[in-house]
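As a plain string of letters, each chain reads:
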Amino acid sequence: MTTASVPSSSARDSSLVSRGIVVVGPSLVAFLVLIAIWQAVSAAGMVPANMLPSPTRILDAGWAERDALRRNTIPTLLATLAGFALSVTAAFLVATLLDFSGVLHRAVLPLLIISQTLPLIALAPLVVLWFGFGLLPKVLLVAFVTFFPMVVGLMRGFGSAEPEAEHLLHSMGASRWMVFRMIRLPASVPSFFSSLRISITYAVVGAIFAEYAGAVSGLGVYMQSAKNVFRTDLVLAAVLVSTVLTLALYGAVVIVERLFVPWLRIERSTGKRATR
C-alpha cells in the first residue's frame, strides 16, 4: 500500500468540517435569518417592546442578570440530571422485567400507556403537595416525563434481536439470562440511544415545569418572578438559558453514544449512503 492511498490527517479534518457544514449549515442559516427578521421587526416598532423584546435586548438583560440566572440554573440542572439518572435506571429495570415475563408485559404495559395520559399540569402540583418544595418532586417529575420513551425504546430494542441467533444459543444449552445478555441486550443499544436522545429533550422542560408548580429556586421560579413584574426580556433570557442547557445535554448524549458505541455512527452513515 502506498502512502498516497492513506488519507492524511488534514484531509480527514477537512472532510469532517465539510460534513459538519452540510449537516449544521442549513439550520444555522435558517436560525440566523429568523433572528435577523425578529431584530428588524422589533427595531421597526411593529411589535411593542414589552410584548416581544428584540434579541439584542434579551441578550443585554440576560447578561445584566447573569449571576441570578447562573444561581437558578444550577438547581434546574441538578434536578434534570438526578431525574434523568433515576429514569434511565428505572426504565432499564422495568423493560428487562417486562421482557422476561409475558404476564408482566401484558399487565404493566397498558398501565404505562395510561400513565402518559395524565396531564402534567395537574400532576405537578400534587407531587409538590406530597413531597414538598425541595429537590425530590422535581426529580420525580423529570423521571416521569422521560421514563416512558426509554421503556418503549428498550422493549423495541429487545424485540429486534435475531431469532436465529437466539435459537442457536438455546440449542447450545444457554440459559435465558445468557441469551438476554449476549443477544437481546446488545440488540437494544440503537433503540436505547434513540430514546435517550428524545427523553433528554424533555428532561429540562419537566424540571422547569415542576419549579413552576412549586420550588424555592430554579429557572422556572426565575421565569415566574420575571413574569410577575412584566419583564418579558428576562423571561426570554431564561428560556434561552434552558434552550442552551437542553442542547448541551443532547450533545452530551451524542458524545457518549459515539464514545461507547462508535459502530452505530458507522452503520447509520452506511445506511444513508445505501439509500441514496
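Please refer to the structure higher up on the page.
Residues numbered from 1 in each chain as written. Predicted model: local features only at pLDDT ≥ 70, side-chain atom pairs only at ≥ 80, totals over all residues. Heavy atoms only, no water.

Trainee: What is the right way to read the packing of helix α2 (residues 55–64) against helix α11 (residues 232–260) from this model?
Mentor: As a packed pair, α2 and α11 sit with axes 8 Å apart at the nearest point and diverge in direction by 80 degrees. If you check the angle between α2 and α11, you find them roughly perpendicular. Contacts between α2 and α11 pair Arg-57, Ile-58, Leu-59, Ala-61 and Gly-62 from the former with Asp-233, Leu-234, Leu-236, Ala-237 and Leu-240 from the latter. A per-class count over the contact of α2 with α11 returns seven nonpolar, one polar and two charged. (Axes fitted to C-alpha atoms, helices over the stretch in contact; angles between N-to-C directions. Helix = DSSP H or I, 4+ residues; strand = E, 2+ residues; numbered from the N terminus. Parallel < 35°, antiparallel > 145°, perpendicular 65-115°, else oblique. Contact = heavy atoms within 4.5 Å. Nonpolar A, V, L, I, M, F, W, Y, C, P; charged D, E, K, R; others polar.)

Trainee: Is there a simple way to explain unusual backbone geometry in this structure?
Mentor: The phi torsion of most residues other than glycine is negative, and most of the peptide bonds are trans. Phi angles above zero are rare outside glycine, and Phe-230 is one such case at about 60 degrees. In this fold, Phe-230 is placed in the loop between α10 (219–228) and α11.

Trainee: Any chance you could explain the pattern of salt bridges here in plain terms?
Mentor: Where charged atoms from two side chains of opposite charge come close, those side chains can pair. Counting across every chain of the model gives six salt bridges. A salt bridge links Lys-138 to Glu-211, with the nearest nitrogen and oxygen atoms 3.7 Å apart. Remark: Glu-211 occurs in helix α9 (residues 189–213) and Lys-138 occurs in helix α6 (residues 135–159); sequence separation between them is 73 residues. Residue class for Lys-138 comes out buried when judged on its relative accessible area of 5%. Assessed through its relative accessible area of 1%, Glu-211 is described here as buried. A salt bridge links Glu-166 to Arg-184, with the shortest nitrogen-to-oxygen separation between them at 2.9 Å. Pair noted here: Glu-166 is in helix α7 (residues 163–171) and Arg-184 is in helix α8 (residues 176–187), with a separation of 18 residues, a long-range link. Note on Arg-184: relative accessible area 17%, which makes it buried. (Salt bridge = Lys/Arg side-chain N within 4 Å of Asp/Glu carboxyl O. Buried < 20%, exposed > 50% of the residue type's maximum accessible area, 1.4 Å probe, protein only.)

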